[in-house]
Amino acid sequence: MRKLNILVGLLSVLLGGAIMYLSRDMSMFDQYGVPGERFWPYGLAWLFIGLGVLQWIEVVVQHAKTAGVSVDLASLPVRRAYVLAIVMVLYGVLLNYTGFIVASMLLSPVVMWMMGERRAWFLALISVVIVATIYVSFTLIFNSPLPVSEFLE
């Protein structure tokens, strides 16, 4: 696992660097101070680079603690991570066809249910609060549109 973690950290740093390189000709802000097309990719690039570096630090710190310990890739937490990866791919497809609001209203309760929350009223309430907060933040505060349904364009 140590070699894979080092590789994942390297890929994360390389991806961040590639995003920065590919977005170098885009504007960070427009003349009114509104975030331009480079704003979010640039922030995401730094996030990838930071996460890659943190991955390498974690490898160094955890190496002494986990010497000789094996990982069961068929354990319940690992299988849940696999299912969550599939759910996120489905979310991406749904995001394209139904837009942000519908896709996120379906994703939030599924992820919370996978994390152990079983109260239906809480799943519904928190999903609405999360989606509404993101919607208000991006559309009203950041003046950045969220993905809309392919059918509504």
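Provided above is the structure to which this section pertains.
One structure accompanies this document, and this report is about it. (Residues numbered from 1 in each chain as written. Predicted model: local features only at pLDDT ≥ 70, side-chain atom pairs only at ≥ 80, totals over all residues. Heavy atoms only, no water.)

## Observations concerning the overall build of the chain
Consideration 1: Within the chain, the regular secondary structure consists of five helices and zero strands.
Consideration 2: When the helices and strands of the chain are read in sequence order from the N terminus, they spell out α-α-α-α-α.
Consideration 3: Relative to a compact globule of 153 residues, whose C-alpha radius of gyration would be 15 Å, the chain shows 19 Å and is clearly more extended.
Consideration 4: Contacts in the chain between residues at least 24 apart in sequence constitute 57% of all its contacts with a sequence separation of at least 6.
Consideration 5: When the accessible area of the chain is evaluated, it comes to approximately 11000 Å², of which 74% is carbon and sulfur surface.
Consideration 6: Here the chain holds 9 positive side-chain charges and 8 negative ones, and the gap between their average locations is 16 Å. (Helix = DSSP H or I, 4+ residues; strand = E, 2+ residues; numbered from the N terminus. Rg over C-alpha atoms; globule rule 2.2 N^0.38 Å. Contact = heavy atoms within 4.5 Å. Areas by Shrake-Rupley, 256 points an atom, 1.4 Å probe, with all protein chains shown as cover. Lys, Arg positive; Asp, Glu negative; His and termini not counted. Charge placed at Lys NZ, Arg CZ, Asp CG, Glu CD.)

## So, helix α2 (residues 39–65)
Consideration 1: Given a rise of 1.5 Å per residue, 27 residues ought to cover 39 Å, and the 39 Å separating the end C-alpha atoms of α2 matches this to within 8%.
Consideration 2: Against the buried residues of α2 lie α1 (2–22). (Expected span 1.5 Å × (residues − 1).)

## Brief notes about the packing of aromatic side chains
Consideration 1: One pass over the structure, following the stated rule, counts seven aromatic pairs.
Consideration 2: Taking 5.4 Å as the distance between ring centres and 40° as the angle between the ring planes, the aromatic pair formed by Trp-40 and Phe-138 counts as tilted. With Trp-40 in helix α2 and Phe-138 in helix α5 (residues 120–141), the pair connects residues that are 98 residues apart, well separated along the chain.
Consideration 3: Note on Trp-40: relative accessible area 38%, which makes it partly exposed.
Consideration 4: For Phe-138, a relative accessible area of 23% gives the class partly exposed.
Consideration 5: In this structure an aromatic cluster arises from ring pairing among Phe-29, Phe-39, Trp-40, Phe-138 and Phe-142. (Phe/Tyr/Trp six-rings, centres within 6.5 Å; stacked < 30°, edge-to-face > 60°. Buried < 20%, exposed > 50% of the residue type's maximum accessible area, 1.4 Å probe, protein only.)

## Observations concerning the nonpolar core
Consideration 1: Counting nine residues, the largest nonpolar core consists of Val-87, Tyr-91, Leu-95, Phe-100, Ala-103, Leu-107, Met-114, Val-131 and Leu-146.
Consideration 2: Within the residue set of this core, elements represented by two or more residues are α3 (76–98) and α4 (100–114).
Consideration 3: The element best represented in this core is α4, accounting for four residues. (Core = buried A, V, L, I, M, F, W, Y, C linked by side-chain atoms within 4.5 Å.)

## Some thoughts on a nonpolar patch on the surface
Consideration 1: On the surface, a cluster of nonpolar side chains totalling about 690 Å² of accessible area is made up of Trp-40, Ile-101, Tyr-135, Val-136, Leu-140, Ile-141 and Phe-142.
Consideration 2: Residue contributions to the nonpolar patch peak at four residues, all from α5.
Consideration 3: Within the element layout of this structure, Phe-142 appears in the segment after α5.
Consideration 4: What makes Phe-142 partly exposed here is its relative accessible area of 33%. (Patch = residues over 30% accessible without salt bridge, like charges linked within 9 Å, V, L, I, M, F, W, Y side chains within 5 Å. Salt bridge = Lys/Arg side-chain N within 4 Å of Asp/Glu carboxyl O.)

## What to know about the pattern of salt bridges
Consideration 1: Taken as a whole and assessed by the stated rule, the structure comprises one salt bridge.
Consideration 2: As a salt-bridge pair, Arg-119 and Glu-117 come within 2.7 Å of each other at their nearest N and O atoms.
Consideration 3: Owing to a relative accessible area of 41%, Arg-119 belongs among the partly exposed residues under this scheme.
Consideration 4: Overall, Glu-117 belongs to the buried group, its relative accessible area being 18%.

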